[in-house]
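Here is what each chain is made of, one letter per residue.
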Amino acid sequence: MAITKPSKPRPGVDRRALIFGGTVAGVSLATGAAPAIGRNLPDIAVIGAGAFGGWTALALREQGARVTMIDAYGPGNPRASSGDESRLLRLSYGERDIYTRWAARAALLWQQRQGEFGRRLYYPNGSLRVMPAPELAAQRRVFDRLAIGYEVLTPGEVTHRWPQVRYDDAPAIFYEPTGGVVKARESMIAVAEMFARKGGTVRTGHAVLDGRSGTVTVDREPLAAGSHVFACGPWLPKVMPGLLGDRIRVPRREIFYVGSPIDDHRYRWEHLPNLADMDTYTASDVDYGIKVAAKLTDIAMDPDNGTRLPTAFLASQVQAYVAKRMPGLAGQPIVATRICQTEYTDNNHFLIDRHPEHAHIWIAGGGSGHAFKMGPVLGDYISGRVLGHAFDPQEAALFSLARHGAAATIA
């Protein structure tokens, strides 16, 4: 089978070195075995063009595989969980230090990739987070162990540095200078464009898996490929209802963007970290307004047919939160809204594994609210698993289907 010549490696940091550590000189870093790059690779179809699928398709293509990426509605579409205007990149994940390490690597890769893509996607501005005392202590231990900088501030210290913020009701605030805001929809469009530029094929179509035979069709036509990666986020329970129907829950989320006064720039990303507390979280303004997530008890969301109009009482909730935390924005208009859905596993870990009955089918999903920021790392990790590269068995076990039980039922 003819194999398209791999794209010329990009200058700068080698992504495999960032992910696995050590030096890269044409050998697998974990075992010393030669990686699959340049071999007679199978054709691969990736279903989904979001954080899991888009980055995986691009990484596979860069390693020489002939790849087709299929998405039901197209990259960056408004139904996608990756289709909002922005996402946060933070390094604080409590004691789950794997995500702290991955997020730190992802931040480097976002900066490297945006240079390659030729557009600004990543805006580093840090975060202010309020958390219970035991969680704060655990977070400090992880950051200390990994030598990541942070500060624990009093409410007065926060107000002194950022007069536009009020945290009078918090005993201590964890300040993480790392991380920032990533443009979401634009990023997934940029990934798809680069994938196509490097020889990948992008299709819009409805992929269906026959659970018994393992055959895949797109718009009722057979999809010929040696391997299939189903990375379709909140659609996974619909694609594989018997296997994943109770393992992934898909709740509705409502996001509001609050505008600033025309002459007040204090809430832009250059001047304000992202905020998070027990009520909700925000993303500072990157030319779309301050992003505020409404706090809503989980309600099931159908990614195809769910209504995407905002709820009035949640808009009021957001305005009350803004008046409390950022008084200078009290009474300012909501300039945009996004209604989307997330997808959670029972333990909030990713689900990355082969289908138990069909060896040519891979499953990649269970973003659990933090997949988007890890996108560049996820793409490299998943592509390496699919191509048979060496991997960390502990990470593989953490993400395995066997480690995921039934997720909590939602209304």
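Everything here concerns the structure above.
**Q** Give me the lowdown on the overall build of the chain, citing residues and values where you can.
**A** Within the chain one finds 11 helices and 20 strands. Across the 411 residues of the chain, 56% fall into the buried class. In the chain, the proportion of contacts linking residues at least 24 apart, taken out of those at least 6 apart, comes to 74%. Carbon and sulfur atoms make up 54% of the accessible area of the chain, which amounts to about 17000 Å² in all.

**Q** Can you lay out the nonpolar core for me, pointing to particular residues and giving the numbers?
**A** Here is a general trend for soluble globular proteins: nonpolar side chains tend to be buried in one another's company. If you look at the biggest cluster of nonpolar residues, it comprises 60 residues, and the most contacted ones within it are W102, W110, V229, F350, L378, I382 and F399. In terms of residue count, helix α3 (residues 97–117) provides more of this core than any other element does, 9 residues in total.

**Q** Talk me through the sheet that holds strand β7 (residues 173–176); I want residue IDs and the actual numbers.
**A** Pairing within the open sheet is mixed, and its 4 strands lie in the order β6-β7-β5-β15. Both edges of this open sheet fall to β6 (151–153) and β15 (274–276), since each of them pairs with a single strand only. Taken over all neighbouring pairs, the strand axes of this sheet differ in orientation by 25° on average, direction set aside. Here strand β5 (residues 127–129) pairs with β7 via 3 bridges, running antiparallel. Within the sheet, the bridge partner assigned to L128 lies in β7 and is Y175. Across the sheet, helix α4 (residues 133–145) touches β6 and β7, and the angle it forms with β7 is around 25°.

**Q** Can you explain the pattern of salt bridges? Please cite residues and give values.
**A** Applying the stated criterion to the full structure yields 27 salt bridges. With a closest N to O distance of 3.3 Å, R185 and E85 form a salt bridge. Residue R185 is located in helix α6 (residues 184–197), and its partner E85 is located in the loop between β2 (67–71) and β3 (86–89); the two are separated by 100 residues in the primary sequence. Exposure remark for R185: the relative accessible area of 25% places this residue in the partly exposed category. Judged by relative accessible area, which is 10%, E85 ranks as buried. Salt bridges here are not isolated pairs; linked through shared partners, they connect D84, E85, R87, R185, K291 and R338.

**Q** Go over the packing of aromatic side chains with me, naming the residues and quoting the values.
**A** Counted according to the given criterion, the structure contains 18 aromatic pairs. With a centroid separation of 5.3 Å and 80° between ring planes, the pair formed by F143 and F174 is classed as edge-to-face. With F143 in helix α4 and F174 in strand β7, the pair connects residues that are 31 residues apart, well separated along the chain. Summarising the burial analysis for this pair, F143 and F174 share the class buried.

**Q** Mind laying out the side chain of H370, listing which residues take part and the relevant values?
**A** Position of H370 relative to the elements: it lies in the loop between β20 (361–365) and α10 (375–386). Take H370: its relative accessible area is 2%, and that puts it in the buried class. Reaching out from H370, the side chain makes a polar contact with the backbone oxygen of N348 at a distance of 3.4 Å. Among residues more than four places away in sequence, those in contact with H370 are Y93, R96, Y99, N348 and F350.

Scoring rules and cut-offs
- Residues numbered from 1 in each chain as written.
- Predicted model: local features only at pLDDT ≥ 70, side-chain atom pairs only at ≥ 80, totals over all residues.
- Heavy atoms only, no water.
- Helix = DSSP H or I, 4+ residues; strand = E, 2+ residues; numbered from the N terminus.
- Buried < 20%, exposed > 50% of the residue type's maximum accessible area, 1.4 Å probe, protein only.
- Contact = heavy atoms within 4.5 Å.
- Areas by Shrake-Rupley, 256 points an atom, 1.4 Å probe, with all protein chains shown as cover.
- Core = buried A, V, L, I, M, F, W, Y, C linked by side-chain atoms within 4.5 Å.
- Pairing = 2+ DSSP bridges.
- Axes fitted to C-alpha atoms, helices over the stretch in contact; angles between N-to-C directions.
- Salt bridge = Lys/Arg side-chain N within 4 Å of Asp/Glu carboxyl O.
- Phe/Tyr/Trp six-rings, centres within 6.5 Å; stacked < 30°, edge-to-face > 60°.
- Polar contact = N/O pair within 3.5 Å; in protein donor to acceptor, adjacent residues only side chain to side chain.

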